[in-house]
Amino acid sequence: MAPIGLGAMPMSWPDMVEQRDRALDTITAALDAGCRHIDTSNAYAPDRHSVGHNEALVAEALRAWSGDAGDVVVATKGGLVNTDAVPDRDGSAAGLRRACEASLIALDTDRIDLYYLHRADPTHPFVAQVEHLEALRADGLIGAIGLSNISVEQLDAAMRVAPISAVQNEYSPRFREGAEVLTATADAGIAFLPWSPFGGGDQANELGSRYAPFAEVAGEHGVSVYQVCLAWLLDLGEHVIPIPGSTRRRTIEDSLAAWSLELTDEQRAALDATEPEGTSQYPDDMEVGPIR
Ligand SMILES: NC(=O)c1ccc[n+]([C@@H]2O[C@H](COP(=O)([O-])OP(=O)(O)OC[C@H]3O[C@@H](n4cnc5c(N)ncnc54)[C@H](OP(=O)(O)O)[C@@H]3O)[C@@H](O)[C@H]2O)c1
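Residues numbered from 1 in each chain as written. Predicted model: local features only at pLDDT ≥ 70, side-chain atom pairs only at ≥ 80, totals over all residues. Heavy atoms only, no water.

Taken together, 30 residues surround the ligand, and among them D39, F198, T247, R248 and T251 come closest. The side chain of D39 places a nitrogen or oxygen atom 2.6 Å from an oxygen atom of the ligand. Contact between the ligand and S196: an oxygen atom at 2.9 Å from a side-chain N or O atom of the residue. Relative to its unbound accessible surface of 910 Å², the ligand loses 91% to contact with the protein. (Near = heavy atom within 4 Å. Polar contact = N/O pair within 3.5 Å; in protein donor to acceptor, adjacent residues only side chain to side chain. Areas by Shrake-Rupley, 256 points an atom, 1.4 Å probe, with all protein chains shown as cover.)

Right, let's get into the pairing of strand β3 (residues 73-78). Successive side chains on a regular strand alternate, one facing one side of the sheet and the next facing the other. Judged by how many residues are buried, β3 sits mostly within the fold: five of six residues are covered. Examined bridge by bridge, strand β2 (residues 37-39) and β3 share three bridges and lie parallel to one another. Following the sheet pairing, I38 is matched in β3 by V74. Note that the unit made of β2, helix α2 (residues 53-64) and β3 has a crossover that is right-handed. (Buried < 20%, exposed > 50% of the residue type's maximum accessible area, 1.4 Å probe, protein only. Helix = DSSP H or I, 4+ residues; strand = E, 2+ residues; numbered from the N terminus. Pairing = 2+ DSSP bridges. Right-handed = clockwise from strand over helix to strand, strands pointing away.)

Located in the positive-phi region is D108, a residue other than glycine, with phi close to 60°. The topology assignment puts D108 in the loop between α3 (93-107) and β4 (112-117). The class of D108 is partly exposed, set by a relative accessible area of 48%. If you check the backbone angles, S196 has positive phi at about 45° while not being a glycine. Within the fold, S196 resides in the loop between β7 (191-195) and α7 (207-210).

Strand order in the open sheet formed by seven strands is β1-β2-β3-β4-β5-β6-β7, and the pairing between neighbours is parallel. Each of the sheet's edge strands pairs with one partner strand only, and the pair in question is β1 (6-7) and β7. Here β3 runs beside β4; their pairing, made up of four bridges, is parallel. For K77, the partnering residue across the bridge sits in β4 and is Y116. Sitting on the sheet, helix α6 (residues 179-188) is in contact with β6 (164-170) and β7, with an inclination near 155° to β7. (Contact = heavy atoms within 4.5 Å. Axes fitted to C-alpha atoms, helices over the stretch in contact; angles between N-to-C directions.)

Okay, structure coming up:
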């Protein structure tokens, strides 16, 4: 099984709405190539009226796939209503349960394998939001709890009230603020899923030009700069599962091939030495409310 997932988010950008067949083909190609983890969210939708768009795509592809869909971990998220809605968070018990129930329908399942708090709602204590997810788990609606966009302090507090299986924070050559959480998850035996591993959909094509050592190492191996980036991320720890976004068969097949790419110590050191650009793609979204 490839320790690389598929980030399904870009398949719900407005320009993909008319390209449903291409999106379904991308998911199928990922599964056929050995990908067994798909990352989605109720909020991945072309507009606020299409909440669940991305989840429904994933469900449709899995229903049509010839393999065993039961082997595939589908992770989705709640708590972020939709990026263009105001207010855009709802971490209340009722709001998270409503979101989870809608995701169960969109994903066409009785139980969500992995359910994340997408972004904490700063108007509610963070720990209470984790307890709401634990209630969903106790009721059998979700199999495991994930947290996204959190700090080490939030992780510590969360682990005291519920079993946490995965953390998803931004981490890429551009943004490495997640390094402390990456270490904390390794220590706690929790999976770490770096999101936007190439710096995000609108920047991914600049990876090689912005980070010359990544392009140089790619040249040495005769592979794409994207494979080098994913191999670099995988080397951060056995608990790391990158989730590159993709909207075409060619790109996800290329990304999944990074699994077999071995970097030398010298190459890894050159990649580590590149300078990140900043702390976050979405600094305004990282507002942290009370923890307890
Ligand atoms: N938890 C959160 O708050 C959060 C936030 C953002 C993202 N995410 C998750 O993280 C996932 C990945 O992030 P992202 O989609 O924003 O950005 P990304 O993975 O950094 O970049 C995605 C872009 O990279 C291109 N690409 C991927 N593999 C490639 C390859 N091998 N060769 C050439 N181009 C390649 C894709 O192009 P094509 O479109 O041409 O295939 C796509 O447009 C999302 O899909 C989502 O699941 C989570």
